[in-house]
Amino acid sequence: MTRRWMAAVVLLALCVASVAQAQSYVWWEGERPVATNFPERSGFSPQNDQESAVLSGGQWLSVDGERDEPLYADYEIDVPAAGRYDLWVRKFWKHGPFRYRFDEGAWTNVGKDVVLADSETLRPLVGANWVHLEPVELSAGRHRFRIELTENRGAACFDAFLLTSEPFTPRGKLRPGQKYDRAPEGWFPFEPDRDSFAQTPLDLRGLNEPQAGGRGWVLRRGKDLVFQATGEPVRFWGVTATHSIWRMDHAEVDYLARRLAKMGVNLVRLHASPFHELEPGRDTDSIQYLVAALKREGIYVGINWYCLAGVRNQPAWNLPELPDGYRPMAAVFTYEPLQQRYKQWAHTLFATPNPYTGIPLGQDPAVAFIELIDEDNYFFWTFRPADMPEPVLASLQRAFGDWLTDKYGSLEKARSAWGDGPLPQGNADDFAAGRVALYYVGNLTGADWARAARNEPRARDQLQFLTENQRDFWAGMRQWLREEIGFGGIVVATNWKTADERVLGPLDKYTYLAGDATARNCYFSGPNVKTGTHGHGAEPGDLYEDQSVLRTPDAAVMLEIQYADYPHLLTEGGWAMPNRFRTEGPVLSAAYGALQGTDAFLPFVLERNWTGTIAKWPIQTPATFGQYPATALIFRRGYVREGPVAIDERLDLDALYRFEGAAMSQPLGLDSYRLQEVPDGQQVPVEDLGGMDPLAFYVGRVIRTIGDDPGPTRVLKELPTLIDRQGQRVRSATGELVYDFGQGIATIDTPCAQGVTGFLAEAGPVELTDVRIEPGNEYGSVLLVSLDGAPLAQSGRMLLQVMSEEQNFGWQTTEVQHEDKQGQVRTMQRIDDAGQPPVVVRDLAGVVTLQRPDAARLTVTALDANGYPQQALDAGRDGQVRVELLPECLYYLIERPTDEAMD
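Criteria and cut-off values
Here the residue numbering is sequential within each chain, running from 1 through the sequence in written order. In view of the model being predicted, local features appear only for residues whose pLDDT reaches at least 70, and side-chain atom pairs are presented and counted only at 80 or more, with totals across whole chains, interfaces and linings using the full set of residues. Water and hydrogen atoms play no part in the side-chain values, which are based on all heavy atoms of the structure. The helix count covers DSSP runs of H or I at least four residues long, the strand count covers runs of E at least two residues long, and both are numbered beginning at the N terminus. As a reference, a globule follows 2.2 Å times the number of residues to the power 0.38, and the radius of gyration itself is taken over C-alpha atoms. Only protein chains enter the accessibility calculation, which uses a 1.4 Å probe. A residue is then buried if its area is under 20% of the maximum for its type, exposed if over 50%, and partly exposed in between. Axis angles are defined between N-to-C directions and span 0 to 180 degrees, where every axis is a line fitted to C-alpha atoms and, for a helix, only to the segment in contact. What sets the label is the angle itself: under 35 degrees gives roughly parallel, over 145 gives roughly antiparallel, 65 to 115 gives roughly perpendicular, and the rest give oblique. Here a crossing is taken to be left-handed if its near helix is turned anticlockwise relative to the far helix by less than a right angle, and right-handed if that turn runs clockwise. Here, residues are in contact when the closest pair of their heavy atoms is within 4.5 Å. The salt bridge definition used is simple: a Lys or Arg side-chain nitrogen within 4 Å of an Asp or Glu carboxyl oxygen. Two strands qualify as a pair provided that DSSP identifies no fewer than 2 bridges between them. To qualify as a nonpolar core, a set must consist of buried Ala, Val, Leu, Ile, Met, Phe, Trp, Tyr and Cys residues joined through side-chain atoms within 4.5 Å. A 3.5 Å cut-off defines polar contacts: any pair of N or O atoms within that distance qualifies, except that in protein one atom must be a possible hydrogen donor and the other a possible acceptor, and neighbouring residues in sequence count only when both atoms are side-chain atoms. Ring geometry is summarised as follows: Phe, Tyr and Trp rings, the Trp one being its six-membered ring, pair when their centres sit within 6.5 Å, and such pairs are stacked at plane angles under 30 degrees, edge-to-face over 60 and tilted between the two. Lysine and arginine charges are scored as sitting over a ring when NZ or CZ, respectively, is within 6 Å of the ring centre and within 35 degrees of the ring normal. Computed over the protein atoms alone on a 1 Å grid, cavities are sets of points where a 1.4 Å probe fits but cannot get out and pockets are open sets with protein on both sides within 12 Å along at least five of seven lines; a residue lines them when it has an atom within 4 Å of a point. Grid points are joined across faces, edges and corners, and a volume is the space filled by probe spheres set on the points. Disulfide: a pair of cysteine sulfur atoms within 2.5 Å of each other.

Caption draft 1: The overall build of the protein, seen in detail. Of regular secondary structure, the protein possesses 17 helices and 49 strands. Computed over its C-alpha atoms, the radius of gyration of the protein comes to 30 Å, within 12% of the 29 Å expected for a compact globule of 903 residues. Along the three orthogonal principal directions, the C-alpha set of the protein runs to about 105 × 80 × 60 Å. With 903 residues in all, the protein has 58% of them scored as buried.

Caption draft 2: Spatial organisation of the packing of helix α10 (residues 456-485) against helix α11 (residues 505-512). Their axes nearest at 8 Å, the elements α10 and α11 cross at an angle of 25°. By the angle between their directions, the pair α10 and α11 is classed as roughly parallel. Note on packing geometry: the crossing formed by α10 with α11 is right-handed. Residue-level inspection shows L463, T467, Q470, R471 and W474 of α10 in contact with α11, the latter providing L507, D508, Y510, T511 and Y512.

Caption draft 3: Looking closely at the pattern of salt bridges. Counted according to the given criterion, the structure contains 65 salt bridges. Between E371 and R269 there is a salt bridge whose closest N-O contact spans 2.9 Å. With E371 in strand β19 (residues 367-371) and R269 in strand β17 (residues 267-271), this pair connects stretches of sequence that are 102 residues apart. Classification of E371 by relative accessible area gives buried; the value is 0%.

Caption draft 4: The pairing of strand β4 (residues 72-79), seen in detail. Pairing between strand β2 (residues 35-36) and β4: two bridges, direction antiparallel. Looking at β4, one finds that A35 is bridged to D74. In terms of strand pairing, β4 meets strand β11 (residues 141-149) through eight bridges, oriented antiparallel. Directly across from A73, in β11, lies its bridge partner I147.

Caption draft 5: Region of interest: the environment of W480. Inspection of the secondary structure puts W480 in helix α10. Residues W480 and K262 lie 218 residues apart in sequence; the distance between their C-alpha atoms is 36 Å. Residues within four places of W480 in sequence aside, it is in contact with K343, A346, H347 and I485.

Caption draft 6: Layout of the side chain of E736. If you trace the backbone, E736 turns up in the loop between β32 (729-731) and β33 (737-740). Residue E736 is classed as buried on the basis of its relative accessible area of 7%. With sequence-adjacent residues up to four places away left out, E736 is seen in contact with Y639, V640, R641, T747, I748, D749, T750 and P751.

Caption draft 7: A look at the sheet that holds β32. Reading across from one edge, β31-β32-β33-β34-β35-β38-β39-β49-β45-β46 is the order of the 10 strands in this open sheet, with antiparallel pairing throughout. Each end of this open sheet is capped by a strand with a single partner; those strands are β31 (723-724) and β46 (869-873). Where helix α12 (residues 584-596) meets the sheet, it contacts β33, β34 (745-749), β35 (753-758) and β38 (780-786), and its direction lies at approximately 130° from that of β33. Across the face of the sheet, helix α13 (residues 628-636) comes into contact with β34, β35, β38, β39 (797-803) and β49 (891-895) while running at roughly 55° to β38.

Caption draft 8: Spotlight on the nonpolar core. Counting residues in hydrophobic clusters, the biggest one holds 200 residues, and the most contacted among them are L260, W305, Y306, F350, Y592, L800 and Y892. With 10 residues, the top contributor of residues to this core is α10. In contact with L260, not counting residues within four places along its chain, are V239, V265, V268, L294, I299, L606 and F625. Among the nonpolar cores identified, the runner-up in size contains 30 residues, and V26, L71, A73 and L149 belong to it.

Caption draft 9: View of the environment of E501. For E501, the location among the structural elements is in the loop between β20 (490-492) and α11. Not counting residues within four places of it along the chain, the set of residues in contact with E501 comprises P506, K509 and R520. A distance of 2.7 Å separates the side chain of E501 from the side chain of T498, its partner in a polar contact.

Caption draft 10: Region of interest: the packing of aromatic side chains. Per the stated rule, a full pass over the model turns up 56 aromatic pairs. On the numbers, 5.5 Å between centres and 15° between planes, the contact of W28 with F161 is stacked. One end of the pair, W28, is in strand β1 (residues 25-29); the other, F161, is in strand β12 (residues 156-164), and 133 residues separate them in sequence. The exposure class assigned to F161 is buried, which follows from its relative accessible area of 0%. Over the ring of W107 we find R99, and its NZ or CZ is 3.9 Å from the ring centre. Here R194 stacks its cationic end above the ring of Y255, 3.9 Å away from the centre of that ring.

Caption draft 11: Representation of empty space enclosed by the protein within the structure. The final tally for this structure, using the stated rule, is six cavities of 30 Å³ or more. Here the largest cavity is characterised by a volume of approximately 200 Å³. Breaking the lining of the largest cavity down by element, the ones donating at least two residues are β16 (236-241), β25 (568-575) and α12. It is β25 that provides the largest number of residues to the lining of the largest cavity, a total of four residues.

Caption draft 12: Structural view of the sheet that holds β11. One open sheet accounts for five strands, arranged β2-β4-β11-β6-β7; its pairing is antiparallel. Both edges of this open sheet fall to β2 and β7 (108-110), since each of them pairs with a single strand only. Pairing analysis gives three bridges linking strand β6 (residues 98-102) to β7, with the strands arranged antiparallel. Bridge pairing in β7 links F98 to V110.

Caption draft 13: How the structure looks around the pairing of strand β29 (residues 701-707). Summarising burial for β29: six of the seven residues are buried, a large majority. Sheet analysis places strand β24 (residues 562-563) next to β29, joined by two bridges and oriented parallel. Counterpart to Q562 in the pairing with β29 is I703. Bridge analysis of strand β27 (residues 645-652) against β29 gives seven bridges, and the strand direction is parallel.

Caption draft 14: Spotlight on α11. Counting buried residues in α11 gives eight out of eight residues, a clear majority hidden from the surface. Within α11, burial applies to G505, P506, L507, D508, K509, Y510, T511 and Y512. Buried residues along α11 sit against α10, β21 (518-524), β24, β27, α14 (653-657) and β29.

Caption draft 15: Here's a closer look at the state of the cysteines. Counted by the stated rule, this structure contains zero disulfides. Of all cysteine sulfurs in the structure, the one in C522 sits closest to C307, which takes part in no disulfide; the separation is 17 Å.

Caption draft 16: Structural detail: unusual backbone geometry. In this chain, M577 is followed by P578 through a cis amide linkage whose omega measures -10°. Mapping P578 onto the fold places it in the loop between β25 and α12. For E375, which is not glycine, the phi dihedral falls at a positive 55°. Using a relative accessible area of 16% as the deciding quantity, one classes E375 as buried.

This is the structure in C-alpha cells:
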C-alpha cells in the first residue's frame, strides 16, 4: 500500500509539473492586490453565497458612490514565458472606466464603450462580464500590473484578470480549459470545445461560394432573389449580429465567420448604428473587417444601419434645435436637416474604402442588401404628432399642407371638402403658415372609437398623404444609394408592424414596394408579465406561459403575407425566452419558410460563442444554432418545395385609403358548387374573401396584390379540403408537410428530408416514407437529411439530427394563477431562479429506423457538437438502419463507403 501511495504521489507531481509547464495563461483575482486604496467592501459586494458563487474567488474589488481621490490597485504576476498575450478583465458591465499598465509602460485607457464577451448575473442589474483588452508583449518573469479608475464617482467592480497566449472562450468564472460539467438528473451540460476546424463531414462551408459576391450582385427577379452573373436563385439562412460581434478582435471575428459557414449560414444581417460617426471611426473600420472576414467564408451581409431603437439626438449630430436624447421616430421622412445627417452617415459607412477588401461597402456585391430604417414608419403607435419637437412637427405639417394644396388647389378648398368633424388633438391648423394638423395614428385604425374621433374625409387625405410621403422617401433613398454610392444590390425599406394590421398594414407594405423586397421583424413567445427591473432579461418573480406554435397555429413568425412579385425577408425574430418550447423554431422556419417562398431568415441575436446562459433572444444554443446544419440544408437546398399560391388577396388602393382594409383572420368560406367546376390545382376568383383563415399559410403561399384595378381575389381550389379544422390537421398543397395542431407536431416527408418536431411522446411513432421515428422524449425534433443531395432512399451520406429541450442550469419555476388586465385567469410559471451556466439539455432518447436494402453496408457514427466522430454504432441489418439515440448526442453520420454503389 505504501509503494502504491508513493507511486500515486510521484504520478500526481509529474502531472502537476506537466500542466504548469504547458499552461499558457496567467490568472489573478481582482480582490487580491498587493496594494490598493479601494474600500474592503461596497454596496456591490456579494450579499449571499449565491452571489459569491458567481465570482471566481467568491469576491471582487468594488466601490460605489463619490470618492475624494483616484482609486488604484497593484498586482504582482509571474509570466511563464516571453511572448504576446491577450489581456482580459472580468468586471461589472460597462461601469468603472479605468486605465492600466504593466511595470512602467504606457497607460492604456478603457472607457465605458466596451464590448461584453459574456454575462453572468449576481442579482438584477448587477452582472460580471468579460472584456477583451489590448494585447501585450511581456518578458518572462515577474511584472507589476496597475489599474487606476478614471472617474471619482459611480460603481466599479473587478473580479479577475487573465493573460493568455491561446484563444480564450469566456465561460463565466471558469479559467481556460475548464468546464462546469454540471447538470440535473436526466439532463447533460452543453459545453462544446472550441472548434479546431479539422476535417469533418458535418461542415457545410461547401454550400457557400468560395467568396461572397463572386456571382455579382444579389438582385430581385420577380419574387425571387438571384445572382446577377448566373441568374441562379438564392435563399439566405443566417443570423443578425450587433456591435459586440464586429468589435471583437480580428482573430475572433475570423473564427466566428468560419464557424458560421460550417453550420450552414450564408448571410449575416448587421444591426448597426454608426450614426454617431460623422467621420470614419472605430465602428466603420470594425464593420469593414467583419464584412471582409465573412466574405472570405462565402457569407453575405445585409446592413441595417439606422436603428431607431438606439438612436437619440446628441451634440455630434449638430441639430441643436432638437432636444438632447430625442428619438426621432418618423422624423427623417420630412425633416430636411435630419435627412442631411442621415445621408452623411450613410456616405461614411458605405462610401469609405474598405482597407481589408479595397472596395467600399456600398460597391461590394458581398453586401446583399441595405436596410434603410429599422422599425419605424408612420403607421405604428409611435406616430404621435403632439409629441414631436416643434421643428419636426412644422416640417410634417407643411408637407401635409403642400400635398393638400396640390390636390385641392388651396387649403381652404380642402377644409370645405372635409366639412365639420373632430379635429386632431395636440396640434392645431395654421393655414396662414401652410401648416395642417395631423391625427395620432390611433385615430387612423379601424376601431369604433377611432372612427368616432376623426373627420372621415380629412383622415382619408391624411392616410393617403402619409402613404405617398413614406413611399416617396423609400424611392428617393433607393435612387440615392444607386447614384451617389453605386450600390447595386437589394434595397429594403423597413421592417416594422402597424397599429392596425388589417387597415394600415397593407398600406405600409405598399410603401415598401418602392424598394426591392419586403421585410418584417417578428418574434414568438407566450404571454409574460414583467415584474423585474431589467426589461429584456428573465428575472425571479417574472411570470410567463410556455407556448408552442404547434398549439397556436395563427401565431407563427414564418407566416407572413407576401406581396406579389416581391421577395420577402424575415430580417429579425425568433422564439424568445422565457419559453420552454423553442426547439420547434428552426425546423418550422425552414420547412414552412420554404413552402412560403421566404427568401431569408435572420433571427436575433448572434453571440461570439455558444451561450453560457440562455438570454432573451437566444441563437447560439443547442435548440437553435445546434439545429442549423439540417435546417440550413432543408431551406437552402430546397428540400421542401415552394407551394402554390393558396390565396392571392387583391386590394384596391383607393379602397385602402377609405379605411376598408384587408381580410381579417377568420375561417374562410367558399361555395362548394362553384369549386366543382374548377380543375384541380387552379385558383378560383371570389367576390369577397370575407376573412382569411390563418391556416392557409400551412397550405401554400399567401400573397397580396395592391393596385388601382387589381381584379378579384383568387383562392386555391383545394384549400378547404387541405384544412381540416375538425381533425386539427393541415396538409400542404405539395403533400410534403403536415401540421397537426391537435397532437402538436409537424412532419416533413420529402425525398431528401424527413422528420418531425413538437410533442413527440403524445404523437407516438411517426411513419414517413423512408423513416420510422419512435420518440423517447416528450418534446423535441428529429430530422434525417441528405448531405450529398441525393434522395434518402439512395443517399451515400446522411445527417441524423436530434434535439430535446434546453434550459439554464438551476432554472426553477412555480406554477401560479394570474389574472390579466382583461380579468382572465391564466395558469403561468413564476420564475424562482433564472439559473446559471451552463446550458443543459434534456437527455435524448428514442429510436430512428431507416428502411434501406443496403442497410448492412451503411455505417452510423455518433458525432460531437463540432461534428467530429465520437462513437461507431452497430446499426445496419435486415434492410434497416436502426439508430438507438444516445443521451448526449445531437448528430449522427449515416454513410455508405465511397467505393460501394447502391444495389
